[in-house]
Structures are given as structure tokens and as C-alpha cells.
Amino acid sequence: MPDRSSSKLLRALLPLLAATGCDGCPSSKPYTPYTLGSATPSGSPPPLSGVAPGAADAGPEAGAPDAAAPPRFAVVPSVPAPAGGKQWPLEGGAVVAAPTGRTFETGLLLDADGDGARDLVVWARSPDGLRGELLLAPAARPQALRTLTALPGDLAAQGCTPRVALSQIGPSTLAFDFAPQCGADRRAASATRWLAVIRLPGSAAGAGAPPELALELRLRTPPPEEALSAALEVADRDADGRDDLLVTIGLSGALRPFPAPHPSPAPAGAASELRAPLIFLDRPAGLSRDAAQPGETLRALAASLLRDARGKATAPAVAAAAHRLRRLNAVLCADAAGGGALAGRDAARAGEALVWTGAGPVRCGEPGLAAAIDNAEAVAASTRGAPLAAVAALDHGAEPRTKDADKLLAKLAPPAAATAVYRTAAAPQPAGPGAFGPLAFEASGALLVRTAQGVVRVDPAASTESATDVPPWPAAIHAGPAQLVAVERRCDAPTLLALFRSSPDAVGEMEVPLPLLRSQGPRARAASPERCAGTERLPFSPLAASEGGFDIALGAALVSIDLRAAAPASSALSFPLTTPAPQGAARSPDGATLAVPAAGGLLVATAGGPARLWSGGDLAQGTACAPANGGARVACVVGAAAVIFEAK
């Protein structure tokens, strides 16, 4: 556990770390460390250090260093091996020979064992560069090579070209960076960047004591639209005379189809790179991660989002910022609510949880963070006059809603008690999940019921049901030759996916990422945060279909899927919709009212009017609901009948 001096220091450091997620925050000067990006220019990765040359100092509110403090350590990068890489000369004429089957690539000459003579710390690689060891050749015994650490065998990324860097980042700290470069096509999507921190022995260890591996860090390759970075800084953070380690994880870019980061100035979480720290305190038994971070920084960013959500000028950018903060939480924290990360050494195929330390995946211990982000997004949507978007944010379901969120939901969509006023004798034709339903109101208020024998017209006022010559509408959702098949939540995809067939005779299904993270949308079944629930097909409500694509609702989240471009795309949809309402959709005949399952009830909303959350009676068992014009009535399939409901 961290001591009190550490906690005090962390509180002082928190404004700086929070500011790293808000490049445009007022009165802040960004702290700019050397970073280890997941996509770097050709050549070796940048050196590891605390501050890049010429970087501006952080402002006083960011915890600027005292003027009397010693200067930061100047990073010492390694140098390439002599020609051929088979031998490396030391001072005094001694020569170190590379082990059989290995070639020296890059190394440092420094006193690594405290005996006063300069030793060689060198990376020795295999011919393909995908295997190797970090070796120590003591000046006193040049041929007595000692392995400080070796690249784990499961990290060899076939088809990738490795780039390595070795640097001294502190008086007693070395850092080694192994970065597979897999090209723009990302052929090796599971390629993992590996960082090793080596601690040199202190004076108390005595002359000749060897360096030791202090920390391993793995950064899995993110999706192509994102970049993951790490910055390392060495400093005595708890004033105990030992150098501690700050690892700042940065996430930039945005998953498709989310919008790119907002230009500066922007709300917290909307900057070009969002960052959060891992702090490792030097203890006699080794480095110990401080449990206060990154949780404190993530909470601070969520609090900043809520402040921005209440301002009319900043509220429009909060939704995108909230998505990015959820994404950082999922990428960094194995226990992120709804993240579904897999625990274990590799966290393979988790879809997220891209950061791993030598002690295992990072657990942030922030069970209320997802609900706080949802609440901030909902407040922002309410501020900008988008009540359905606010309800959608509160209905993500990854965590229970807070009392404040329940109050906001009740304000946005007041509860209404539903009562059944008519039950049909006609049996609606069954329709599978995600199909156009068998019910549709007419402008007159009569209800059409698609049965196996044809379409029946129901006049609830006269309590009559009669056959019609209205042609049955199709259940399948078609946009030209394309058919929408399903919406899935999968362990290996960070967003929800819409599946469609390009034509009736097409082999296989195509995927379109939706603007909802995997932790969002309806939840078919509960799952432990650290165990992915497998592939789930999620319920959705069809709203419209045309030659250009589909409009659907996942709970209260409205999504448009555009098939007109060569690469199908999706985007969030605003209410009211402008597309015509087909029969069987979850909309009224005039298209101005929709009725979708959300927040534990049936959300009935009319353009220009209030939204209400219906519940009660048989409505909980209702499916394929359709509203009448104005939203005074809703019809749903309940068992083998259609039931018309009113609400008070």
C-alpha cells in the first residue's frame, strides 16, 4: 500500500495528469515526454525519457518542479553495434563476442554493476530479429555474458519487422523497447510491443552486483484507427530517496465510425491524445504499482466531462469525448465495466485490455466510472435539447444507474402506467428478432395485423376485426438487394457490429461497425467485467429501410447504416427522423412517433412533444411494438395476440 507521503504527492500530481487529457484546457502547458507510439516513423523508436528536448514546463497548477530541484536526467540512447555485429570492443582492448546464433544490434557502455568500470549492455538478436536477449558483458569478465531479460517467445510477430531501442532514462534505470512494425495492412493485429525496465544496483548492493529486470510492459496493437503510446519518467515521487517510475499511457485516434478528436480547445477527453498514468514505487522488494492510479485520473476526466456537459458551448463535443474516455478505460483497465477483458498473461482476443504489466493485466478499481461517463453524456444531451440521446446514454447498462441519473431519466421521460384496452382474436404472424413486425397503425387509428392468412384490420372503437385487401408487408429488412441480418456484440470487436447480406444469394455476411462501443447497447445477458460473454445477437428495432440503407434503434440509441458508398458506414441518428416509416417499423404512420424498448420500459416519443416511459400490465411481455400517430396508443405482440395499450 502507498504511504501517506505518496498519496499526498499523487494528489498534487493529479491536476497535471488530468490536464494531459485536455490539451486545450485553459491556463495549462502540456507536459511532453518522449513517447513510444504504436505507429512510429521509419528508423528506431524514439528514446525513452521524462521530457523531450525543448518541451515547455508545466504550469504551477500542474505541479511544476521546484526551482531548487536537480535537473532532469538527460537520456542516453544506445548506439548501433560495430559493423557485422559479431564483436563489440570495450575500453582497455577487451572484446565481447556475440553468442552463437546471435548478432549484436544496439548497446550501451556504462558502469552497470557498480565496480567503477564501463560494462556493455547489449541487445543480441536472432537472424530474423524476432527473438533475442538483453545481455550484460561485465568489463571485468567480458565473455561471462549474463542474460538480463529475454524477449518472451509468444511475442514473435511473424510477418513483422522489429525495431528496438535501448536507453538509459535515469541514473539507475535502463529501458528497452521492442516494437514490431507490421505495415499499414496490420497483418499481425495481435503484434505486441514489449518494454523492459532494468534497474542498476545501488551503492548498498556492493560492487559487482548485476542489474535486474524491474518491470515488463506489453502494449497490444490497437485497431488501425487508433494509436497506443507509453512515456516513461524516472523520479523520486514519494521522497524516500529511491527512484520511482511513471508510465503514462496515451490513446489517440478514434475507432471507426466515431468522429476524429475535436480540435483544441475542447472538453476534457476530446484532446488529440488522452493519457492516464501508471505509477510504480520503488520498494525494497521491487517496484510496486500504486493503486491510486490510473483511477484518480480517470475519475478526474469524468468529472471534467460533467462540467463541460452543463455548458451550452461545450456540451456538443461531450458525446465524442465520452466515447474516447470509455475507450481509454477499456484499453487500459481489465476490470472496466462492460469491457469483457480476458485476464491472463496475453489477454489474447479480448478485443480491448491492450495494456499488461509483468504482474498481469491492469485493474483500476473504478466500478462507478462507466456510470459517471454515461451520466455526463446524458447531461450534455439534455443541455443541447436531445432527450432521446440522453435516455440512450443512461440506458447503456454496463453499470447500475446512480440516483442522479434516475432523477434525470424521470425528468427526460416521465413514467406512464400502461393499460391494455383491446386484445385481438387475430394471431399476428411470428417475426424473428430484428424483423419488421406484424403490427402497423393506419392514420385513421385502425390497427393492421399481418397474419398467416393475410392482413386484418382492427377497429378497437367498434371492437371489430375484418380481412382486408392490404398486401402483407415483408418481415425481412431490405435496402435494395441488401438485407440486414443481425446486430452482434463480439469479444474480438471493440464496437457493436451490424451484419448484412449484399444480396439474397450472397455467401457469408458483411460487417459494419456501429457508433456504439461493445459495453453499450442492449445487454442480452449479464457478464463479469473480466470474462467476455462470447458472441451475442442483440435485439434492435427497425425504423426505416430504403435503397440507401437502414435506420435502426438499439434501445434508445438511433443509428443509420449507409450502404451507398463502396465501404458501408454508420452514424448516430438524430430524432425526429426524416425518412418515411414503413409498415411494421417501430414508428407511427406519419413517422413522428417511435416506440422502442429502453430503460426498463417502452420509450414512446413524439417529435415536438414529450417522451414518456411506459410500463405496467402485459407491456413487459410485449414485442414488435408500433405506435399510433401522436403516441396516444401503442400496439404490441403479446403471446398469440396483438394488444393495444394506452397510458396515463
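Residues numbered from 1 in each chain as written. Predicted model: local features only at pLDDT ≥ 70, side-chain atom pairs only at ≥ 80, totals over all residues. Heavy atoms only, no water.

A. Inspection of the pairing of strand β37 (residues 633–638) at higher detail. For β37, the buried fraction is high: five of the six residues fall into the buried class. Direction of pairing for strand β36 (residues 623–627) relative to β37: antiparallel, over a ladder of three bridges. Along β37, the bridge assignment pairs P627 with V634. Between β36 and β37, which pair antiparallel one after the other, the connecting turn spans five residues, and G630 there sits at a positive phi close to 85 degrees. Two strands pair when backbone bridges link them, and β37 and strand β38 (residues 641–647) are joined in this way by six bridges, in the antiparallel orientation. Bridge pairing in β38 places V634 opposite F645. Between β37 and β38, which pair antiparallel and follow one another directly, the connecting turn spans two residues, one of which, G639, has a positive phi of 65 degrees. (Buried < 20%, exposed > 50% of the residue type's maximum accessible area, 1.4 Å probe, protein only. Helix = DSSP H or I, 4+ residues; strand = E, 2+ residues; numbered from the N terminus. Pairing = 2+ DSSP bridges.)

B. Inspection of the side chain of H323 at higher detail. Mapped onto the secondary structure, H323 falls in helix α3 (residues 318–332). Residue classification places H323 among the buried positions, given a relative accessible area of 13%. With residues up to four places along the chain from it excluded, the contact list for H323 reads F258, E377, P515, L517 and Q520. (Contact = heavy atoms within 4.5 Å.)

C. Geometry of the state of the cysteines. All told, the structure shown has three disulfides when counted by the stated rule. There is a disulfide in this structure between C160 and C182, and the S-S distance comes to 2.0 Å. The sign of the 105 degrees torsion about the S-S bond sets the C160-C182 disulfide as right-handed. Note that C160 is positioned in the loop between β8 (146–150) and β9 (161–170) and C182 in the loop between β10 (173–181) and β11 (192–199), a separation of 22 residues in sequence. The class for C160 is buried, based on a relative accessible area of 8%. (Disulfide = S-S within 2.5 Å.)

D. Local environment of the sheet that holds strand β23 (residues 464–467). Taking strand neighbours across the sheet as the criterion, the four strands line up as β20-β21-β22-β23 in an open arrangement whose pairing is antiparallel. In the strand order of this sheet, the two ends are held by β20 (439–441) and β23, each with one partner. Neighbour to neighbour, the strand axes of the sheet diverge by 25 degrees on average, direction disregarded. (Axes fitted to C-alpha atoms, helices over the stretch in contact; angles between N-to-C directions.)

E. Region of the structure containing the pattern of salt bridges. This model, assessed by the stated rule, comprises 28 salt bridges. The partner of D374 in a salt bridge is R326, and the shortest N-O contact between them spans 2.9 Å. Here R326 lies in helix α3 and D374 lies in helix α4 (residues 369–383), a separation of 48 residues in the sequence. An identical accessibility class is assigned to D374 and R326; each is buried. In this structure, the salt-bridge partner of R501 is E509, at a minimum N-O distance of 3.6 Å. Residue R501 is classed as partly exposed on the basis of its relative accessible area of 28%. Assessed through its relative accessible area of 34%, E509 is described here as partly exposed. When salt bridges that share partners are traced, they join E488, R490, D492, R501, E509, E511 and R537 into one network. (Salt bridge = Lys/Arg side-chain N within 4 Å of Asp/Glu carboxyl O.)

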